[in-house]
Amino acid sequence: RFCVLAVPVLFKQALENTEMEEGKSVSLRCELTKADATVVWKKGEATLQASAKYEMKQKGTMAELVIHNAEPEDA
């Protein structure tokens with residue numbers, strides 16, 4: 001008989017505050033303890049969807065959100 005324990009995914013490197021210049025692109029990155037874990041990006045309670053404004057990337061344990069044409073409302 002085998003017992004399998006689910007190991008939670010944790011942040012190895014959490015998001016840091018990043019200053020952005022209006023109209024430019026800004027990249028937010030975090031590193032996870034498990035490769036290819038499901039990552040959901042949110043702004044408040046709203047889940048962000050991939051679009052011309054929001055680009056989500058993930059490779060191994062690194063997850064990245066790129067915000068194009070940043071505006072003050074993106075804070």
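Residues numbered from 1 in each chain as written. Predicted model: local features only at pLDDT ≥ 70, side-chain atom pairs only at ≥ 80, totals over all residues. Heavy atoms only, no water.

Under the annotation held in an unreviewed UniProt entry, the chain carries the name OBSCN protein and is attributed to Fregata magnificens. The chain has a UniProt comment under Subcellular location (unreviewed entry) that states "Cytoplasm". (UniProt positions renumbered as here; feature names shortened; annotations may be inferred.)

(A) Fine view of the side chain of K53. Tracing the backbone shows K53 in the loop between β4 (46–47) and β5 (54–59). Engagement of the side chain of K53 in a polar contact is seen with the side chain of D74, the distance being 3.0 Å. Each residue touching K53, except ones within four places of it in the same chain, is listed here: V66, I67, H68, N69, A70, E71 and D74. (Helix = DSSP H or I, 4+ residues; strand = E, 2+ residues; numbered from the N terminus. Polar contact = N/O pair within 3.5 Å; in protein donor to acceptor, adjacent residues only side chain to side chain. Contact = heavy atoms within 4.5 Å.)

(B) Geometry of the side chain of D74. Positionally, D74 belongs in the segment after β6 (62–67). Separated by 3.4 Å, the side chains of D74 and Y54 make a polar contact. Beyond its immediate sequence surroundings of up to four residues, D74 is in contact with M20, K43, K53, Y54, I67 and N69.

(C) Representation of the pairing of β6 in the model. Of all 6 residues making up β6, 5 are buried, and the element is well covered by its neighbours. Pairing of strand β2 (residues 26–32) with β6 involves 6 bridges; the strand directions are antiparallel. Considered in β6, the bridge of R29 is made with E64. Bridge analysis of β5 against β6 gives 6 bridges, and the strand direction is antiparallel. Its bridge partner being in β6, M56 is matched across the sheet by L65. (Buried < 20%, exposed > 50% of the residue type's maximum accessible area, 1.4 Å probe, protein only. Pairing = 2+ DSSP bridges.)

(D) Quick peek at the sheet that holds β2. Spatial ordering of the open sheet is given by β1-β2-β6-β5, a layout of 4 strands whose pairing is antiparallel. Edge positions in the sheet fall to β1 (11–13) and β5, since each of these pairs with one other strand and no more. Each strand of the sheet is rotated relative to its neighbour by a mean of 30 degrees, with strand direction disregarded. (Axes fitted to C-alpha atoms, helices over the stretch in contact; angles between N-to-C directions.)

(E) View of the confidence of the model for the chain. Put simply, the chain has an average pLDDT of 88, and 92% of its residues get 70 or more. Highest mean pLDDT in the chain belongs to β5 (95); lowest belongs to β1 (84). (pLDDT = per-residue confidence, 0-100.)

(F) Inspection of the environment of V39 at higher detail. As for its position among the elements, V39 is in the loop between β2 and β3 (42–43). Placed 25 residues apart in sequence, V39 and E64 show a C-alpha to C-alpha distance of 9.4 Å. Once you skip the residues sitting within four places of it in the chain, V39 turns out to touch L32, Q58 and A63.

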